[in-house]
Protein chains: 6
Amino acid sequence: MLNQKSISDFETGEDGHLYLLLTKIEKKVARTGKEFLTMELRDISGTISAKMWDGFEVFYASAKEGMIVKVDCKFDEYNGTPQLIVNRIRPVNESDNVVHSDFLPRSQRDLEEMKTEWTEIINNLSNSNLIELIKKIFDDETKEKYFNVPAGKAWHHAYIHGLLEHTLEIIKICKTACDIHPELNRDLLIAGAILHDFGKVEELTFETNFDYTDKGRLIGHIVIAAIRIEEKAKEIGGFPEELKNQLIHLVLSHQGKLEHASPVIPKMPEAVVLYYADEMSAKSNAYLNVVKNERQGDSNWTNFIRLAETAIYIPPIDEDTDSPKESLFD
Amino acid sequence: MLNQKSISDFETGEDGHLYLLLTKIEKKVARTGKEFLTMELRDISGTISAKMWDGFEVFYASAKEGMIVKVDCKFDEYNGTPQLIVNRIRPVNESDNVVHSDFLPRSQRDLEEMKTEWTEIINNLSNSNLIELIKKIFDDETKEKYFNVPAGKAWHHAYIHGLLEHTLEIIKICKTACDIHPELNRDLLIAGAILHDFGKVEELTFETNFDYTDKGRLIGHIVIAAIRIEEKAKEIGGFPEELKNQLIHLVLSHQGKLEHASPVIPKMPEAVVLYYADEMSAKSNAYLNVVKNERQGDSNWTNFIRLAETAIYIPPIDEDTDSPKESLFD
Amino acid sequence: MLNQKSISDFETGEDGHLYLLLTKIEKKVARTGKEFLTMELRDISGTISAKMWDGFEVFYASAKEGMIVKVDCKFDEYNGTPQLIVNRIRPVNESDNVVHSDFLPRSQRDLEEMKTEWTEIINNLSNSNLIELIKKIFDDETKEKYFNVPAGKAWHHAYIHGLLEHTLEIIKICKTACDIHPELNRDLLIAGAILHDFGKVEELTFETNFDYTDKGRLIGHIVIAAIRIEEKAKEIGGFPEELKNQLIHLVLSHQGKLEHASPVIPKMPEAVVLYYADEMSAKSNAYLNVVKNERQGDSNWTNFIRLAETAIYIPPIDEDTDSPKESLFD
Amino acid sequence: MLNQKSISDFETGEDGHLYLLLTKIEKKVARTGKEFLTMELRDISGTISAKMWDGFEVFYASAKEGMIVKVDCKFDEYNGTPQLIVNRIRPVNESDNVVHSDFLPRSQRDLEEMKTEWTEIINNLSNSNLIELIKKIFDDETKEKYFNVPAGKAWHHAYIHGLLEHTLEIIKICKTACDIHPELNRDLLIAGAILHDFGKVEELTFETNFDYTDKGRLIGHIVIAAIRIEEKAKEIGGFPEELKNQLIHLVLSHQGKLEHASPVIPKMPEAVVLYYADEMSAKSNAYLNVVKNERQGDSNWTNFIRLAETAIYIPPIDEDTDSPKESLFD
Amino acid sequence: MLNQKSISDFETGEDGHLYLLLTKIEKKVARTGKEFLTMELRDISGTISAKMWDGFEVFYASAKEGMIVKVDCKFDEYNGTPQLIVNRIRPVNESDNVVHSDFLPRSQRDLEEMKTEWTEIINNLSNSNLIELIKKIFDDETKEKYFNVPAGKAWHHAYIHGLLEHTLEIIKICKTACDIHPELNRDLLIAGAILHDFGKVEELTFETNFDYTDKGRLIGHIVIAAIRIEEKAKEIGGFPEELKNQLIHLVLSHQGKLEHASPVIPKMPEAVVLYYADEMSAKSNAYLNVVKNERQGDSNWTNFIRLAETAIYIPPIDEDTDSPKESLFD
Amino acid sequence: MLNQKSISDFETGEDGHLYLLLTKIEKKVARTGKEFLTMELRDISGTISAKMWDGFEVFYASAKEGMIVKVDCKFDEYNGTPQLIVNRIRPVNESDNVVHSDFLPRSQRDLEEMKTEWTEIINNLSNSNLIELIKKIFDDETKEKYFNVPAGKAWHHAYIHGLLEHTLEIIKICKTACDIHPELNRDLLIAGAILHDFGKVEELTFETNFDYTDKGRLIGHIVIAAIRIEEKAKEIGGFPEELKNQLIHLVLSHQGKLEHASPVIPKMPEAVVLYYADEMSAKSNAYLNVVKNERQGDSNWTNFIRLAETAIYIPPIDEDTDSPKESLFD
């Protein structure tokens, strides 16, 4: 994995020699008639605008969005926002030994551990129809994508392996619900959790950047998943019709309300549990990320967070005594 | 077709000798300890409660909801609502020559004419992929159901052949939109209209009464149709991915708003046109039915209609001059 | 505990000799001029209307709502609803050996086990300020009420000890959230869970029936709890101001949205977790109760449940094969 | 009509010699103390900011917003937005032969054809009272304005003759509805369509720019039209009171919902039809304009369109095969 | 004014000899075949159902809804609701000396005093245009209706002279607002208050019962008033256009929000003041009426009041000490 | 009080020698590597950005936000927004004779007069419990804050002494309501008005700038006030429980709707009156301020005002005749 200083850690005026992912590029003409390049570049910590004034013709002729580049640059500021002034730039070659995934944020959890956890959950299901269905849906190619896709573009678990991490959290919460209520249909609930956001493998692109596909915008991950369940269940002889409809119901209703784009609302206890487990996993991840990343100077508050409809509070650290936070943990 | 006086046309005190559809039956015990039957019976004009006090044991032993029966009865009233007092009742046999469809309301339009209109619309499509897809979806059994299913349980086109009538209206309106805007994709729009409510063949039962199926409640007609389009398009070699996604988008978004249970909102001009054509057909049918059926004595207003969120106005007929209505038509 | 057949298990026409709780009583005059009593009586399974036509004068003179009575009666029906015809009635005396709690529904969980669980949770907190605060709030009298109070009047955990059961469920879910996110302030979160609905001890009456107090309607349990936390924290020297405000914030925001009567929305990750843990515990209890109690004959659906905004699905039991439900559990 | 290159077609760095409409002008002082002019200029394709640094004193002394000017200029860019640097500027005179309407967008449909269509519609009405009312409302001056006014400031049919084009579309859709439902009062519906947005002639200014009048903001086009119908109907002896109220009802309710500023909701089938015909005409025009004008580079999606609450999809053109679009039309 | 015991004060079983207003009448047939009358009768305290079993033929032949009748009757109860059993009934004649207004609730305030107050307010306006406009609108016939009309059908000031009482309250509150803010246009505000609900004279019938007219339902009092102001202002030479538009704006916006059926929202300080003065007068009247009329036995709470979206609290009277209420007044 | 030209009255290019309040300060590095200061400064008319390029090191070493400074500067413009170029800057000392309150907007009403009015209102209450409670709450330190705190950060009465002015307005309106309805509990209502926004003394900081405290954001002024009332009422022997609950209810419900952050809605006539009196005072102050401060050149309309959801109309002054406004006042 690439080891270099993050662009979010540079100060204005510093020089950088960095591998970066080229996400946008355009040639423009200045007032003086001089041509220059404007680019958007990203590393794992985020994106930055860049300008290049001289010597870019050769590079520009072969440049493509999605390409990894090596740049020599100076960190500058424009209208209060950081930007790069690029002095030299070239596409990387094999000897640079960098790959796309070096430039996209990824889950803090260990991937292999998560894969193992996920596989065991499936193996521990009792209902053979559900096991067969899940195995049919997750052929090798699909599983590869599913393990990599983020859970979203920006709000929660918005990083490589994010959907896997999110799904495992949901399952943990669902299992607690089953411990409380043994009458819940545990297999149905866990299968629903595994498949609820599965459609995101077709809804999102995540190879070079996180964005929606045309299909994602026109159909949405919820219906994509429902279609796939129906298709694969049909391939299994004697898959119970009721069970299939219940599973599709869990997927369709998991956003809980029509206005959140679920075409049906939860009509079974299992659907209600899945809805709240999903919300709890998503929101706690999102809020904790905001607390970690959005501290504003000395303030105890982040900026206004649109999706939370509020600023988030970051408790002050009490320096005189033991940190109250630490003393609160067991 | 059955020819008998409608239950809505009897007065309290009249006797009736009628074929009726038995939709509910229960045996109860009166305060005195005497057993009696309570039933719900329907003919084409609606449903009525019924009581039977004596001589029902033999009938009751073999009675089943959904059965057609012959009853001798007197029209009575209970708490201001009409009810039947049944004197004699028996299941019908073949020689009675009555069928279930005699007891369900049906479209006023001629069925064969509608079928012909519908078939010609499909034959006049230009896009061979869409034609093939529609033909694959409408195998004989499915077409039979599609021609019979009502467009809904109660509000608009809530009668046998209702979906077909509704669909033809929508197509007529969509064609007007295409005349205004030739840049609309006419084939896509018409295919979307044909398929938009197609899922109702699985969402509703309509053989003996109009009601929702379990699948209808758990999944809904919108996603049922999307699943079927995907399944059948896959069987066609080279069906364009974009076209399939657009068609599914039209079906998914045709209720126009998330809170109306569409999982995506319209994102193409064709989707917007389909949404409003559907609304116009549904609401004008519903309001005109209300005006026809809900006049309250001399009042110019119906009762409050919940789905319209208002009472509906019924213009008075001007008796002195020519009816203004007639004079207004060209 | 009282051992008698539940009023919900009697059939029309049966005779009963029962202890019941008198919740309403009124003397009326029939059209004929004859006086009679109308009463509402309850046992642990619910309430029933009753009429008494003769011989009630002595009883009526001393009758009070909230009194336990012994009745000889016949089960009857009026307008389709069960009612009792009372032949004899008298107040109970000590030798009857019945108490009010025999007539109110109560949690299925063992009370002592729940008390122990609750006490251990508090003893395992690390933050001494929070432990002291909780102990100050829960003096003996308050603790007694807190252990008895239902979590609500009708929707979820609406039975004696319901709040305790509900609180323990929330804590279990919160602990799962802390396992997933060790950076959550576990002590704060658990203290918030313990106190979030604490105000219900003053919001509700639950000795003879479940209803709101004047204070409950005018102020509400959320603000009642906030006031008590402030009051008791003040009595503790050096209780950190920030911690107190955070704890009150968790209580105030635990209904998640202003329109659900929280005067502030969640602004901390812990507040978000508490909100969803509360929702999950409440809704899964409510839906499972509905499934258990509201099955309608052979139907796979309950009646429309207003608070769920839908009918609830009750999966059919597959009788030919192993019950799918059982086979799904591990 | 003026024939010159549109300002939206110039590249940065090009020189222009153009007639433009001056919509705003202000003199400012630069940091250096030097005075300069900032202006907003428009042609038929939109507006652009402009700066003039020297030699503007004579012009400025007589300049007025709404004046047409001839400018010599260079196309420049400021903060990523195009702007003009004006070298010379003068008011036009008669010999320039340009008029205000050269600078405002206008309908693509032929005006005379639309006028003829509109006139024939009125002549074909059967109800003499409605014909007389419409003729009274549309005196020569009013008709002139009505034929010119846009249907709105920005969203749909926002160009000269836009209301006329919009109205004719609505009538076409309403006629289709009458073909489907002969029981609709066709004359009432068409009169309602003609008058529904009539108040916009007083609500909007459109001579030099599109904006709201004070009266438009304080009262709105809906009530303006209602007032005018009442006033003119009173001048007709024996105009039926019911017909007048129905017509005003159609105008008042044509935005369909209270929150869309209709003071009453539709309470007649004709009012419902008019509402949806208006929506369909407005939205299909708006979406098709967006598709035509807002394509973003290679993307299949426009930017987020606030009034549509989504980005709009623009299907890709399939270049290898026949354009799918063409092949779809019959 | 009629002096007789109110129907709300009779007990079941009592006999009555009363003048009542006949608001509905229908002949029905009992199960036994016997004909009988069902009627709705009202006095000043409300309405009651009635049945008459014998000897009604002569009366029925000439009976008309809206007629005043003399009845001999017994107070009875049906399904828990009071009803009358009528023994004899006849239309009143002149010698009975009763009039319709004896049977409708009316304001507790003295009519002449209110008229004087209202007239003085107008005479004290400074703006001669507004004075002339108001005088033109209130010709003798209109003034008569305006002084009598209730402010609504049921919720607030729902009694004869109610609009006048309501208007005077609003003006009193507006004057307080002008005392606080001398920069408010006092004449405009008071004229707006006088005219804001003026349209109710055409929206409501109130001679024999309180109900909506067809015009009231199709157009509504807000637009009716706007039309009348425009019409009458046109008759005044030189009435300032801006002033007229502002006055109409106040009337149109006085319900404050689009969803409350105002077609524009308040856009002037005076419009905002009028909106809140109207709300305060309406709601305080409504809540105080509820407190006065809806006490439920010993309870401190009324039933749930739909328009208030809550039950209303009625403070208990402290009997031991001085009534807290009295001691609170100065 | 400080007497100097307001920063909002300077033109670009002018020099200033001004006392200003330093509300933000940061050192930055320009592209050239040169360090400079960016600051935010305010006087009584508002805030302005400032840059300082040279000679700021000594000042910067001791600068603190909240400090008053003396600056020599030139008024400049950056991206269309005014900014200051600071040439010299120093902290003030005692001999400058300026205080923080010179830089914050304050009520136009005389403070002593308002204090007297407020004190008399309390002394004129009849209920000795309420008088004692209010006196306990307003100890000297609290009263000092209460007299100074603004009623909000930006929208209405957003200036020093604003809450006091706002409260007195509300009381005036409440007294009018009591004049209309003598059955209102006047003492309760006035005590509610005095305390309704009392919590703002802890919710807001207002010494150097107007902003929210942590406690204000986490708990809010409504619950802060409720807590204080409970605390202080407990200190009074025999304070009636009902009265306390009613008073807290008025405070909690004074924002009228749950979605406006009131945890209960008004359930007493007095609570309804307080709600509307608060709204009327707040909105009329806000709208009148907008009219006074936001006139845009010659336009009769302000910019769009987000909190009013509209632009506000400013009637034109008629210059030819007497000002209509003046002629309208009596």
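Right above here is the structure, for reference.
Computed from a predicted model, the values in this text were never measured in an experiment. (Residues numbered from 1 in each chain as written. Chains lettered and ligands numbered in written order. Predicted model: local features only at pLDDT ≥ 70, side-chain atom pairs only at ≥ 80, totals over all residues. Heavy atoms only, no water.)

Some points on the overall build of chain A
Summing up its helical and strand segments, chain A has 12 helices and 9 strands in all. For chain A, the spread of C-alpha atoms along the principal axes amounts to about 70 × 55 × 40 Å. Classification of the 330 residues of chain A by burial places 57% in the buried group. In chain A, 56% of the contacts between residues at least 6 apart in sequence involve partners at least 24 apart. Of the roughly 14,300 Å² of accessible surface on chain A, a fraction of 45% belongs to carbon and sulfur atoms. In chain A, 38 positive and 56 negative side-chain charges are present, and the distance between their average locations comes to 5 Å. (Helix = DSSP H or I, 4+ residues; strand = E, 2+ residues; numbered from the N terminus. Buried < 20%, exposed > 50% of the residue type's maximum accessible area, 1.4 Å probe, protein only. Contact = heavy atoms within 4.5 Å. Areas by Shrake-Rupley, 256 points an atom, 1.4 Å probe, with all protein chains shown as cover. Lys, Arg positive; Asp, Glu negative; His and termini not counted. Charge placed at Lys NZ, Arg CZ, Asp CG, Glu CD.)

Overview of the interface of chain D and chain A
Facing 9 residues of chain D, the contacting portion of chain A comprises 7 residues. At the surface where chain D touches chain A, the tally comes to 0 salt bridges. Sorting the residues of the side of chain D that touches chain A by element identifies β4 (68-78) and β9 (310-313) of chain D as the ones contributing at least two each. Ranked by residues supplied to the side of chain D that touches chain A, first place goes to β4 of chain D with 3 residues. The residue inventory of the side of chain D that touches chain A, partitioned by class, reads 4 nonpolar, 3 polar and 2 charged. (Salt bridge = Lys/Arg side-chain N within 4 Å of Asp/Glu carboxyl O. Nonpolar A, V, L, I, M, F, W, Y, C, P; charged D, E, K, R; others polar.)

Concerning the relation of the copies chain A and chain C
Mapping chain A onto chain C is achieved by rotating through 180° and translating by 0.0 Å along the same axis, at an RMSD of 0.1 Å. Such a turn and shift between the copies fits a two-fold axis. The fraction of interface residues of chain A whose copies in chain C are also interface residues reaches 100%, indicating that both copies meet through the same surface. (Least-squares fit on C-alpha atoms with pLDDT ≥ 70 in both.)

A word on the packing of aromatic side chains
For the structure on display, the rule yields 75 aromatic pairs over all chains. Ring geometry for W118 of chain B versus Y146 of chain B: centroids 5.4 Å apart, planes at 50°, classification tilted. Of this pair, W118 of chain B sits in helix α2 (residues 111-123) while Y146 of chain B sits in helix α4 (residues 140-148), and the two are 28 residues apart along the sequence. A ring pair is formed by W155 of chain E and Y287 of chain E, whose centres lie 6.3 Å apart and whose planes are at 65°; its orientation type is edge-to-face. Within this pair, whereas W155 of chain E is found in the loop between α4 (140-148) and α5 (162-180), its partner Y287 of chain E is found in helix α11 (residues 269-293), the two being separated by 132 residues in sequence. Ring-pair connections join several aromatic residues into one group, and the members of that group are W118, F138, Y146, F147 and F198 of chain A. Sitting over the ring of W301 of chain C, R217 of chain B keeps its end group 4.6 Å from the ring centre. (Phe/Tyr/Trp six-rings, centres within 6.5 Å; stacked < 30°, edge-to-face > 60°. Lys NZ or Arg CZ within 6 Å of the ring centre and 35° of its normal.)

Describing the relation of the copies chain D and chain A
Put simply, the second copy of the chain is the first one after a rotation about an axis and a shift along it. Between chain D and chain A, which share one sequence, the superposing operator has a rotation angle of 120° and an axial displacement of 0.1 Å; the RMSD is 0.1 Å. Expressed as an axis order, the relation between the two copies is that of a three-fold axis.

Observations concerning the sheet that holds strand β2 (residues 35-43) of chain A
Residue and element names in this part refer to chain A. Strand order around the closed barrel formed by 5 strands is β1-β2-β3-β5-β4, with mixed pairing between neighbours. Strand-to-strand, the axes of this sheet are offset by a mean angle of 50°, without reference to chain direction. As paired elements, strand β1 (residues 15-29) and β2 share 8 bridges and run antiparallel to each other. By the bridge assignment for β2, E26 is matched with T38. (Pairing = 2+ DSSP bridges. Axes fitted to C-alpha atoms, helices over the stretch in contact; angles between N-to-C directions.)

Here we look at the interface of chain A and chain C
Contacts between chain A and chain C engage 50 residues on the former and 50 residues on the latter. Carbon and sulfur atoms supply 70% of the area buried between chain A and chain C, which totals about 4,600 Å² over both sides. Our enumeration of links across chain A and chain C arrives at 0 salt bridges. Connecting chain A to chain C are 9 residue pairs in polar contact (both at pLDDT 80 or more). Looking at the side of chain A that touches chain C, the elements that each hand over two or more residues are α5 (162-180), α6 (186-195), α10 (241-252), α11 (269-293), β9 (310-313) and α12 (324-328) of chain A. Residue classes in the side of chain A that touches chain C are distributed as 27 nonpolar, 11 polar and 12 charged. (Buried area = accessible area lost by both parts, 1.4 Å probe. Polar contact = N/O pair within 3.5 Å; in protein donor to acceptor, adjacent residues only side chain to side chain.)

Observations regarding the arrangement of the chains
As for chain E relative to chain A, no contact occurs, and the smallest C-alpha gap between them is 20 Å. Chain B shows no contact with chain F. Their nearest C-alpha atoms sit 20 Å apart.

With respect to the sheet that holds strand β1 (residues 15-29) of chain F
All names here are of chain F. The strand order around the closed barrel formed by 5 strands is β1-β2-β3-β5-β4, and the pairing between neighbours is mixed. The sheet shows a mean angle of 50° between the axes of neighbouring strands, taken without regard to direction. Summarising the sheet, β1 and strand β4 (residues 68-78) pair through 7 bridges and their orientation is antiparallel. Looking at β4, one finds that L18 is bridged to V71.

Notes on the pattern of salt bridges
When their charged atoms lie close together, side chains carrying opposite charge are able to pair. Residue and element names in this part refer to chain F. Applying the stated criterion across every chain, the model contains 143 salt bridges over all chains. For D15, the salt bridge identified is with K74, shortest N-O distance 3.5 Å. A residue pair is termed long-range when its members are at least 10 positions apart, and D15 in strand β1 and K74 in strand β4 qualify at 59 residues. Overall, the relative accessible area of 33% leaves K74 in the partly exposed class.

So, the environment of H17 of chain D
All names here are of chain D. Note that H17 resides in strand β1 (residues 15-29). Along the chain, H17 and L288 lie 271 residues apart, while their C-alpha atoms are 32 Å from each other. Filtering out sequence-adjacent residues up to four positions away, H17 remains in contact with K70, V71 and D72. Polar side-chain contacts of H17 include one of 3.1 Å to the side chain of D72.

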